[in-house]
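Coordinate analysis (summary)
In case you want the letters, here they are:
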Amino acid sequence: MKRIVGGSEMKALDGCTITGMGVPSCVLMERAALAVVDAMEGHFAEMSQKQRILCVCGGGNNGGDGVAIARILHLHGYNAEIYMLGNPDHRTKETRRQLKIAENYQVPLVNNLAAGEYTTIVDAIFGVGLDRSIEGKYREVIQALNEVSAWKVAVDLPSGVCSNTGRELGIAFRADLTVTFAFRKTGLCFYPGKNFAGKIVVADVGIYENPDLPTRKAALEKKDLQKLPLRAANGNKGTFGKVLVVAGSKGMCGAAYLCAEGTFAAGAGMVKILTDEENRIPLQTLLPEAMFADDAGGNEAWVNAMHWCDIVVIGPGLGQSEKSARKTEFYLAHAQRMGKPVIMDADGLNLLSKHPEWKKYLQHSQVICTPHLGETSRLSENFMTSKNSGLFSEAADRALSIPEIQQNLIWTASNFARENGVVCVLKDAVTVVADPKRDFCWINQSGNPGMATAGSGDVLSGILAGVLCAFRSDPENTVDLAKQAAFGVFLHGLAGDKAVEEKGTYGMKAGDIARAAAKVLKDRETMQEL
């Protein structure tokens with residue numbers, strides 16, 4: 001697990017290191033500069049041409065980092081120069097100090113920007129504290145830097161990227177490499193900030209965790225897969241979890257199949273699909289390992305299936321008919337009564353958005369909702385009351401728009417989770433998993449654009465069910481439901497990354513993701529054997 005921080009959190013951690021631990025600011029600045037130079041020299045080692053480097057610096061401490069980078073590169077024998085922006089009277093104490101040191105070492109300071117003359121540009125204009133749109137001279141300079149063909153490096157964060165959301169603040173520097181300090185910034189996790197950053201390196205500069213500043217955002221890493229419970233050697237198919245997939249209306253068996261396939265791929269022992277009789281033959285042909293339950297049996301069949309399972313998935317290809325609505329309400333109510341986890345997806349969520357009275361089934365339950373942006377918008381009208389927070393203009397009496405949600409993914413997911421007592425898996429290019437019980441969310445960093453394909457969400461709901469089965473089969477499990485969901489989302493993304501190696505982003509299909517999930521878990525088992 002790696003911590004993710006916004007601008008204010010990073011400033012607080014920085015302050016604790018300086019004032020609480022006694023590490024001078026100039027020491028941290030020197031370590032930051034050395035980390036950037038180290039990353040740059042790793043790139044230069046592969047280049048045959050002689051480098052001419054321009055460090056473009058602002059008046060804040062980010063600019064001081066840039067001045068120190070220029071000085072170190074100069075002392076390493078590179079042709080490095082400094083270009084300063086802003087009012088000299090507004091420069092910080094540390095930036096003034098760095099400029100004096102650079103002067104002592106005779107590092108050239110240029111007054112006219114001729115960006116096209118350089119092979120490398122270092123952006124040290126703005127740091128994590130920027131929260132306004134870039135205008136005037138700063139905008140002109142960043143635009144000029146973006147237009148040249150030089151290799152580009154950003155210090156901590158590309159100037160113009162919001163450290164908290166990843167939004168472009170008017171204009172942003174387009175980096176090939178971003179060296180960020182101590183922790184990955186939230187703005188580097190979301191688009192478009194992620195695109196502006198290029199390759200991201202997180203450098204240790206001497207700023208560490210502080211128990212007085214709790215972690216509120218984090219991302220899973222590949223090594224975290226080792227924490228998924230192993231299958232007990234003396235287990236059986238019942239031991240490893242029984243999943244009921246309530247899915248697939250007449251003629252819509254594909255979503256049910258993909259969900260069940262994902263469930264098996266993630267390790268569930270048994271899967272039963274409750275669907276229309278018309279889907280029996282195609283489903284038993286496509287996936288003979290899954291059991292079939294004809295929902296025409298009515299209430300008795302539904303009750304039997306509910307008592308049989310450990311986990312329920314509701315929604316893939318279910319449709320929004322009156323019967324689908326009755327079925328969805330039945331399983332929500334019975335799962336709440338019996339204390340069984342539910343994963344709500346696709347049409348299950350669309351039906352939920354139309355029935356605000358079902359909110360009573362969510363409270364004090366184990367429910368994971370997996371809406372994409374459109375579903376979140378529909379749900380927000382009846383299932384979110386705190387829309388007039390200042391982030392959204394006059395949104396209290398209407399549904400949130402997709403652009404509003406996309407610009408505030410963490411806030412939206414966290415508030416939906418807290419208000420409804422559910423784990424919210426808000427799906428986008430970067431998926432957020434919000435915990436309803438505490439101020440914490442997971443920001444998923446696995447996956448790729450090829451996963452934006454029909455059925456990918458159905459596979460995710462199945463993988464989530466399989467991961468929940470794995471944790472439920474572990475007698476020593478203490479992992480909360482939100483983290484289990486984060487594991488499922490992370491595994492789904494890793495499966496997409498595995499599938500893209502063979503299929504590419506254009507040719508990948510949802511079924512490829514499900515099959516690749518099994519390969520990811522096989523790789524993980526092999527690593528544990530080593």
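Above: the structure in question.
Since we're looking at a predicted model, the values are computed, not measured. (Residues numbered from 1 in each chain as written. Predicted model: local features only at pLDDT ≥ 70, side-chain atom pairs only at ≥ 80, totals over all residues. Heavy atoms only, no water.)

Looking at the sheet that holds strand β11 (residues 242-246)
With mixed pairing, 12 strands are arranged side by side in an open sheet as β8-β1-β10-β19-β18-β17-β16-β15-β14-β11-β12-β13. Among the strands making up the open sheet, the edge pair consists of β8 (184-185) and β13 (291-294). Two strands pair when backbone bridges link them, and strand β1 (residues 2-5) and β8 are joined in this way by two bridges, in the parallel orientation. Opposite I4, over in β8, you have R184 as the bridge partner. (Pairing = 2+ DSSP bridges. Helix = DSSP H or I, 4+ residues; strand = E, 2+ residues; numbered from the N terminus.)

Observations concerning the environment of E117
Mapped onto the fold, E117 is located in the loop between β4 (109-110) and β5 (120-124). Using a relative accessible area of 46% as the deciding quantity, one classes E117 as partly exposed. Sequence-wise, E117 and S149 are 32 residues apart; in three dimensions their C-alpha atoms are separated by 9.9 Å. One polar contact links E117 to R52, side chain to side chain, over a distance of 3.3 Å. (Buried < 20%, exposed > 50% of the residue type's maximum accessible area, 1.4 Å probe, protein only. Polar contact = N/O pair within 3.5 Å; in protein donor to acceptor, adjacent residues only side chain to side chain.)

Examining helix α12 (residues 373-383)
For α12, the buried fraction is high: eight of the 11 residues fall into the buried class. Along α12, the residues classified as buried are L373, G374, E375, T376, S377, L379, S380 and F383. Close packing links the buried residues of α12 with α11 (347-354), α13 (402-407), α14 (409-420) and β17 (423-426). (Contact = heavy atoms within 4.5 Å.)

Quick look at the side chain of K185
Along the polypeptide, K185 turns up in strand β8. Here D156 takes part through its side chain, which lies 3.0 Å from a polar atom of the side chain of K185. Only 2.7 Å separates the side chain of K185 from the backbone oxygen of F183, close enough to count as a polar contact. For K185, the residues in contact, after removing those within four places along its chain, are I4, V5, M10, V128, D156, L157, S163 and T180.

Focus: the nonpolar core
In this structure, V243, I273, I368, V433 and V467 are the most contacted members of the largest nonpolar core, which totals 60 residues. Elements that contribute at least two residues to this core include exactly β11, α7 (253-265), β12 (270-275), β14 (311-314), β17, α15 (456-472), α16 (481-507) and α17 (510-529). With 53 residues, the next largest nonpolar core counts W308, I314, L349 and A417 among its residues. (Core = buried A, V, L, I, M, F, W, Y, C linked by side-chain atoms within 4.5 Å.)

Things to note about the side chain of R3
Inspection of the secondary structure assignment puts R3 in strand β1. Looking at R3, its side chain comes within polar contact range of the side chain of E209, at 2.5 Å. For R3, the side chain forms a polar contact with the main-chain oxygen of P214, separated by 3.1 Å.

Details of the packing of aromatic side chains
In the structure shown here, the tally under the stated rule is seven aromatic pairs. Taken together, F44, Y78 and W151 form an aromatic cluster joined through their ring pairs. Taking the ring centre of F183 as reference, the NZ or CZ of R3 above it sits at 5.8 Å. Above the plane of the ring of W308 lies K272, whose end atom (NZ or CZ) is 4.5 Å from the centre. (Phe/Tyr/Trp six-rings, centres within 6.5 Å; stacked < 30°, edge-to-face > 60°. Lys NZ or Arg CZ within 6 Å of the ring centre and 35° of its normal.)

Comments concerning the sheet that holds strand β6 (residues 151-155)
If you trace the seven strands from one edge of the open sheet to the other, you get β4-β3-β2-β5-β6-β7-β9, paired in parallel fashion. Strand pairing shows two members of the sheet lacking a second neighbour, β4 and β9 (199-203), which therefore form its edges. One ladder, built from six bridges, connects strand β2 (residues 52-57) with strand β3 (residues 79-84); its direction is parallel. Following the sheet pairing, L54 is matched in β3 by E81.

Some words on the pairing of β13
Here four bridges tie β12 to β13, and the two strands are oriented parallel to one another. Within β13, the position partnered with L274 by the bridge is A293. Handedness of the β-α-β unit built from β12, helix α8 (residues 280-286) and β13 comes out right-handed. (Right-handed = clockwise from strand over helix to strand, strands pointing away.)

Notes on the pattern of salt bridges
Under the definition given, this model contains 19 salt bridges. In this structure, D224 engages K227 in a salt bridge whose closest nitrogen and oxygen atoms are separated by 3.2 Å. Owing to a relative accessible area of 2%, D224 belongs among the buried residues under this scheme. The shortest N-O distance in the salt bridge between D523 and K498 comes to 2.5 Å. With D523 in helix α17 and K498 in helix α16, this residue pair connects regions lying 25 residues apart in the sequence. (Salt bridge = Lys/Arg side-chain N within 4 Å of Asp/Glu carboxyl O.)

Remarks on the pairing of β3
Of all six residues making up β3, five are buried, and the element is well covered by its neighbours. The handedness of the β2 to β3 crossover, carried by helix α3 (residues 61-75), is right-handed. Of the strand pairs in this sheet, β3 and β4 are connected by two bridges, and their pairing is parallel. Residue Y83 lies in a different strand from β4, and its bridge partner there is V110.

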